[in-house]
Amino acid sequence: MHMHKFEKVWLIFGIGALLVFLTVLGVSAFYLGNQPPSCLATIDPEKVDTTAPFNEPGLKKVEGKEWDYELVFVAQAFAYTPGDVQVPLGAKVKIIATTKDVIHGFEVAGTNINMMVEPGYISEHITTFDKTGEYLILCNEYCGTGHHMMTSKIEVVE
Ligand code: CUA
């Protein structure tokens, strides 16, 4: 079978690109352990206030886990609880959030932390703050008339 030279080049390029893509995906998933967020943890959105750990929002030191602290947030229109929290510099923190009413966002400005907070589900993100200062948390899912006022703050202190 005769194949035009350009056709061959294009075929090799296509197969090569596919192999590169699959390799990157494979290394990312199996070697680096990257996975899409699970959303496997569920909660009754009407019982958030009485369900641990959301009955006590805020920062808590934990022992015997991969992370040093758990930082629990409850979102509701149009605020987060806590509204302001201090986190020690360099600590490994697991952020755990849920909402009592509608879908909210949980974006920590200036970082790669950006979660959707959905009623009935628990969103989690493990992070380390390695710079002191104030980090603004804001809602980036339109949730109603007070959406633009929905913020909280993380203060990273030594
Ligand atoms: Cu909460 Cu927008």
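Keep in mind that what you see is a predicted model, and the values were worked out from it rather than measured. (Residues numbered from 1 in each chain as written. Predicted model: local features only at pLDDT ≥ 70, side-chain atom pairs only at ≥ 80, totals over all residues. Heavy atoms only, no water.)

1. Thoughts on the overall build of the chain
Now for step 1: Scanning the chain for helices and strands turns up 1 helix and 10 strands.
Now for step 2: Written out in order from the N terminus, the α and β elements of the chain read α-β-β-β-β-β-β-β-β-β-β.
Now for step 3: Taken over C-alpha atoms, the radius of gyration comes to 21 Å for the chain, far larger than the 15 Å a tight globule of 158 residues would show.
Now for step 4: For the chain, the spread of C-alpha atoms along the three principal axes comes to 70 × 35 × 30 Å.
Now for step 5: Per-residue burial over the chain gives 31% buried out of 158 residues.
Now for step 6: For the chain, the share of sequence-separated contacts (at least 6 apart) that also reach a separation of at least 24 residues comes to 59%.
Now for step 7: One way to put it: in the chain the 11 positive side-chain charges average out to a point 8 Å from where the 19 negative ones average out. (Helix = DSSP H or I, 4+ residues; strand = E, 2+ residues; numbered from the N terminus. Rg over C-alpha atoms; globule rule 2.2 N^0.38 Å. Buried < 20%, exposed > 50% of the residue type's maximum accessible area, 1.4 Å probe, protein only. Contact = heavy atoms within 4.5 Å. Lys, Arg positive; Asp, Glu negative; His and termini not counted. Charge placed at Lys NZ, Arg CZ, Asp CG, Glu CD.)

2. Quick notes on the domain arrangement of the chain
Now for step 1: Once the domains are mapped, the chain shows domain 1 (5-34) and domain 2 (45-157).
Now for step 2: For domain 1 versus domain 2, the separation of C-alpha centres amounts to 38 Å. (Domains from an automatic or database assignment.)

3. Considerations on the side chain of His104
Now for step 1: For His104, the location among the structural elements is in strand β6 (residues 104-108).
Now for step 2: Classification of His104 as buried rests on a relative accessible area of 0%.
Now for step 3: Not counting chain neighbours up to four residues away, the residues in contact with His104 comprise Ala75, Gln76, Ala77, Thr99, Met115, Met116, Val117, Cys139, Glu141, Cys143 and Met150.

4. Comments concerning the pairing of strand β10 (residues 151-157)
Now for step 1: With 4 bridges joining them, strand β4 (residues 85-88) and β10 adopt parallel strand pairing. Residue pairing in the sheet places Gln86 in a bridge with Glu155 of β10.
Now for step 2: Across 6 bridges, strand β9 (residues 133-138) lies against β10 in antiparallel orientation. Residue pairing for β10: Tyr135 is matched across the bridge by Ile154. (Pairing = 2+ DSSP bridges.)

5. Focus on the pattern of salt bridges
Now for step 1: Evaluation of the coordinates by the stated rule reveals 7 salt bridges.
Now for step 2: Residue Lys47 pairs with Asp44 through a salt bridge whose shortest N-O separation is 3.6 Å.
Now for step 3: For Lys47, a relative accessible area of 48% gives the class partly exposed.
Now for step 4: Looking at Asp44, the relative accessible area reads 35%, which means it is partly exposed.
Now for step 5: Of the charged contacts in the structure, one is a salt bridge between Asp84 and Lys153, with a shortest N-O distance of 3.9 Å. (Salt bridge = Lys/Arg side-chain N within 4 Å of Asp/Glu carboxyl O.)

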